[in-house]
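Chain residues, written in single-letter form:
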Amino acid sequence: MARVEKSVLVAHTPERMFDLVDRVEDYPDFLPWCGGTTLRWRDEVTTVATIHIAYLGVRHSFTTENTKTRPREMRIRLQEGPFSHLEGDWTFVPLGDDACKVMFRLDYTFSSRALETVLAPVFDHIARTLVDAFVHRADEAWVS
């Protein structure tokens, strides 16, 4: 099983960072590997979406159900995709009025050795750069 863990301190509120992560429909605007998204369901406690990967010739998709406690936490659980296991969480800890600590954890295992051979290099890159991409997006949006 692969695991990615990252935490950063940012000059943005937990609400702002939470909302950026929850707005999957905006991912193609700032995640270079994202070939599109399909929002299947969103309410106050759940977001279900399919994310389409289109990167370095690899095309695949996966669907997660994310249970949410805005603005503090989002738990990620696989519904469908090329994994036998995928789960993780985002946590947003307030630090004063205009900052927070963003913590991200993702555990995943591909469903077959063949899929792992093709997808692991791409998905590992995606998972390891995800937090930085959201922070960059928050910084850009703040300046705009």
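In this text the structure is predicted, and so the values were computed from the model without any measurement. (Residues numbered from 1 in each chain as written. Predicted model: local features only at pLDDT ≥ 70, side-chain atom pairs only at ≥ 80, totals over all residues. Heavy atoms only, no water.)

Draft legend 1. View of the overall build of the protein chain. In terms of helices and strands, the protein chain carries 3 helices and 7 strands. Ordered by position from the N terminus, the helices and strands of the protein chain form the series β-α-α-β-β-β-β-β-β-α. Over its C-alpha trace the protein chain gives a radius of gyration of 15 Å, about what one expects of a compact globule, namely 15 Å for 144 residues. Principal-axis analysis of the C-alpha atoms gives the protein chain an extent of 50 × 30 × 25 Å. Of the contacts made within the protein chain by residues no fewer than 6 positions apart, 46% connect residues no fewer than 24 positions apart. Approximately 7500 Å² of the protein chain is accessible, and the part contributed by carbon and sulfur atoms is 51%. Each charge class in the protein chain can be summarised by its mean position, and for the 17 positive and 22 negative side chains these summaries are 3 Å apart. (Helix = DSSP H or I, 4+ residues; strand = E, 2+ residues; numbered from the N terminus. Rg over C-alpha atoms; globule rule 2.2 N^0.38 Å. Contact = heavy atoms within 4.5 Å. Areas by Shrake-Rupley, 256 points an atom, 1.4 Å probe, with all protein chains shown as cover. Lys, Arg positive; Asp, Glu negative; His and termini not counted. Charge placed at Lys NZ, Arg CZ, Asp CG, Glu CD.)

Draft legend 2. View of the sheet that holds strand β4 (residues 58-69). Read across the open sheet, the 7 strands follow the order β1-β7-β6-β5-β4-β3-β2; overall the sheet is antiparallel. Only two strands of the sheet have a single partner each, and these edge strands are β1 (2-10) and β2 (34-42). The sheet shows a mean angle of 20° between the axes of neighbouring strands, taken without regard to direction. Sheet topology places strand β6 (residues 83-94) next to strand β7 (residues 100-110); 11 bridges connect them, and they run antiparallel. Considered in β7, the bridge of V93 is made with K101. In this fold helix α1 (residues 14-22) packs onto β1, β2, β3 (46-55), β4, β5 (73-80), β6 and β7, with an angle of close to 155° to the strand it touches most, β6. (Pairing = 2+ DSSP bridges. Axes fitted to C-alpha atoms, helices over the stretch in contact; angles between N-to-C directions.)

Draft legend 3. View of the pattern of salt bridges. Evaluation of the coordinates by the stated rule reveals 15 salt bridges. E5 serves as the salt-bridge partner of R3, at 3.8 Å between the closest nitrogen and oxygen. In this structure R3 comes out as partly exposed when scored by relative accessible area, which is 45%. Given the relative accessible area of 55%, E5 is considered exposed. The partner of R42 in a salt bridge is D22, and the shortest N-O contact between them spans 3.4 Å. Separated by 20 residues along the polypeptide, R42 in strand β2 and D22 in helix α1 bring together distant segments of the chain. Owing to a relative accessible area of 30%, R42 belongs among the partly exposed residues under this scheme. Among the residues examined, D22 registers a relative accessible area of 8% and is labelled buried. (Salt bridge = Lys/Arg side-chain N within 4 Å of Asp/Glu carboxyl O. Buried < 20%, exposed > 50% of the residue type's maximum accessible area, 1.4 Å probe, protein only.)

Draft legend 4. Molecular detail of unusual backbone geometry. With an omega of 0°, the peptide bond between R70 and P71 qualifies as cis. By the element assignment, P71 lies in the loop between β4 and β5.

Draft legend 5. Region of interest: the nonpolar core. M17, Y27, W90, Y108, F123 and F134 are the most contacted members of the largest nonpolar core, which has 42 residues in total. Top element by residues in this core is helix α3 (residues 113-143). It accounts for 12 residues. Here Y27 is in contact with L20, V21, C34, T37, I51 and F134, once residues within four sequence places are set aside. (Core = buried A, V, L, I, M, F, W, Y, C linked by side-chain atoms within 4.5 Å.)

Draft legend 6. Structural view of the environment of A120. As for its placement among the helices and strands, A120 is situated in helix α3. Each C-alpha atom of the pair A120 and T109 lies 9.3 Å from the other, and the pair is 11 residues apart in sequence. Setting aside anything within four residues of it in sequence, one finds A120 in contact with F110 and L115.

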